[in-house]
Amino acid sequence: MTFTYGHDLFRESNKVIVIPTNCVGVQGAGLAKMAAEHWPRWSAWYSKACRTGRVHPGDVLGWCAHDEDLPVYAHRKSIWTTPAETHPILLSVATKDHWRQPSLLAWVSDGLIHIEEHLVRSGEGHRGMRVGLPALGCGRGGLDFEVVQPMLERTAQRLGEQGYDVTLYAPQ
């Protein structure tokens, strides 16, 4: 496991990029805004999922830049069918209910559990992939990084034991 400070989550060679989001589908700040600027179709897809009630705090939804209309993971059911070897997969973690409200530690914890369950369940073909894991709930979410950091490190360690290369990103 590597721990990276101040590097660009989107410019590194991450094949799975974890994005903290809210449940109303607004990507107006932070990493969600950066992801929306990189992948506008992800933004539209995620906003629609929120409007239709598919997103709740702690949930993880996945989307691949290869097949932009096909979710790769939704509500704890793996439907991993896209070639992440060449196109990144975005795992959207709902760490906030509304963008105006703070993140809750329980929602970050639930999201980390769901990320781990999904990646472990995805099978041998995806082991070795590089996962970019930011400080979920910190920054715009308002949580203290010193509280969230051990949770991130435990998740990264367990994923590392399963063969994933996880890079953690501290808040900037």
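Quick note: structure is the one above.
What counts as what
- Residues numbered from 1 in each chain as written.
- Predicted model: local features only at pLDDT ≥ 70, side-chain atom pairs only at ≥ 80, totals over all residues.
- Heavy atoms only, no water.
- Helix = DSSP H or I, 4+ residues; strand = E, 2+ residues; numbered from the N terminus.
- Buried < 20%, exposed > 50% of the residue type's maximum accessible area, 1.4 Å probe, protein only.
- Axes fitted to C-alpha atoms, helices over the stretch in contact; angles between N-to-C directions.
- Parallel < 35°, antiparallel > 145°, perpendicular 65-115°, else oblique.
- Contact = heavy atoms within 4.5 Å.
- Expected span 1.5 Å × (residues − 1).
- Phe/Tyr/Trp six-rings, centres within 6.5 Å; stacked < 30°, edge-to-face > 60°.
- Pairing = 2+ DSSP bridges.
- Salt bridge = Lys/Arg side-chain N within 4 Å of Asp/Glu carboxyl O.
- Polar contact = N/O pair within 3.5 Å; in protein donor to acceptor, adjacent residues only side chain to side chain.

### A short note on the environment of A44
- Topologically, A44 is positioned in helix α2 (residues 40-51).
- For A44, a relative accessible area of 47% puts it in the partly exposed group.
- A sequence separation of 17 residues divides A44 from Q27, and the C-alpha atoms of the two residues are 10.0 Å apart.

### Brief notes about the packing of helix α3 (residues 105-121) against helix α4 (residues 145-161)
- As a packed pair, α3 and α4 sit with axes 10 Å apart at the nearest point and diverge in direction by 10°. Regarding the angle of α3 to α4, the classification is roughly parallel. On the side of α3, the interface is formed by L105, V108, S109, L112, E116, L119 and V120, while α4 contributes V147, V148, M151, L152, T155, R158 and L159.

### Some details on α2
- Between its first and last C-alpha atoms α2 spans 17 Å; for 12 residues at 1.5 Å apiece the expected length is 16 Å, and the two agree.
- Along α2, the positions that sit buried rather than exposed are W42, S43, W45, Y46, S47, A49 and C50.
- Directly beyond the C-terminal end of α2, a positive phi value near 80° is found at G53.

### So, the packing of aromatic side chains
- Evaluation of the coordinates by the stated rule reveals 2 aromatic pairs.
- Both rings, one in W42 and one in Y46, keep their centres 5.8 Å apart while their planes meet at 20°; by these two values the pair is stacked. You can see W42 and its partner Y46 sitting in helix α2, 4 residues apart, about one turn around the helix.
- Given the relative accessible area of 1%, Y46 is considered buried.

### Focus: the pairing of strand β6 (residues 89-96)
- Burial within β6 is extensive, with 8 of its 8 residues counted as buried.
- Direction of pairing for strand β3 (residues 60-64) relative to β6: antiparallel, over a ladder of 5 bridges. Paired with C64 across the strands is I89, a residue of β6.

### Examining the pattern of salt bridges
- Within the structure shown, the criterion is met by 1 salt bridge.
- For E116, the salt bridge goes to R158, with nearest N and O atoms at 2.9 Å. Of this pair, E116 sits in helix α3 while R158 sits in helix α4; the two residues are 42 residues apart in sequence, bridging distant segments of the chain.

### Considerations on the side chain of R130
- Locating R130 in the fold gives a position in strand β7 (residues 130-134).
- There is a polar contact of 3.1 Å between the side chain of R130 and the side chain of S13.
- If we ignore the near neighbours within four places in the chain, the residues touching R130 are E12, S13, N14, K15, V16, D165, T167 and Y169.

### Focus on the pairing of β7
- Most of β7 sits inside the fold, with 5 of its 5 residues counted as buried.
- Here strand β2 (residues 16-22) runs beside β7; their pairing, made up of 2 bridges, is parallel. Its bridge partner being in β7, V16 is matched across the sheet by V131.
- Sheet topology places β7 next to strand β8 (residues 165-169); 5 bridges connect them, and they run parallel. By the bridge assignment for β8, P134 is matched with Y169.

### Here's the deal with the packing of helix α1 (residues 30-38) against α2
- For the pair α1 and α2, the least separation of the axes is 5 Å and the interaxial angle reads 120°. The angle between α1 and α2 places the two elements in the oblique class. Note on element contacts: α2 touches α1 through P40, W42 and S43, opposite A32, A35, A36, E37 and H38.

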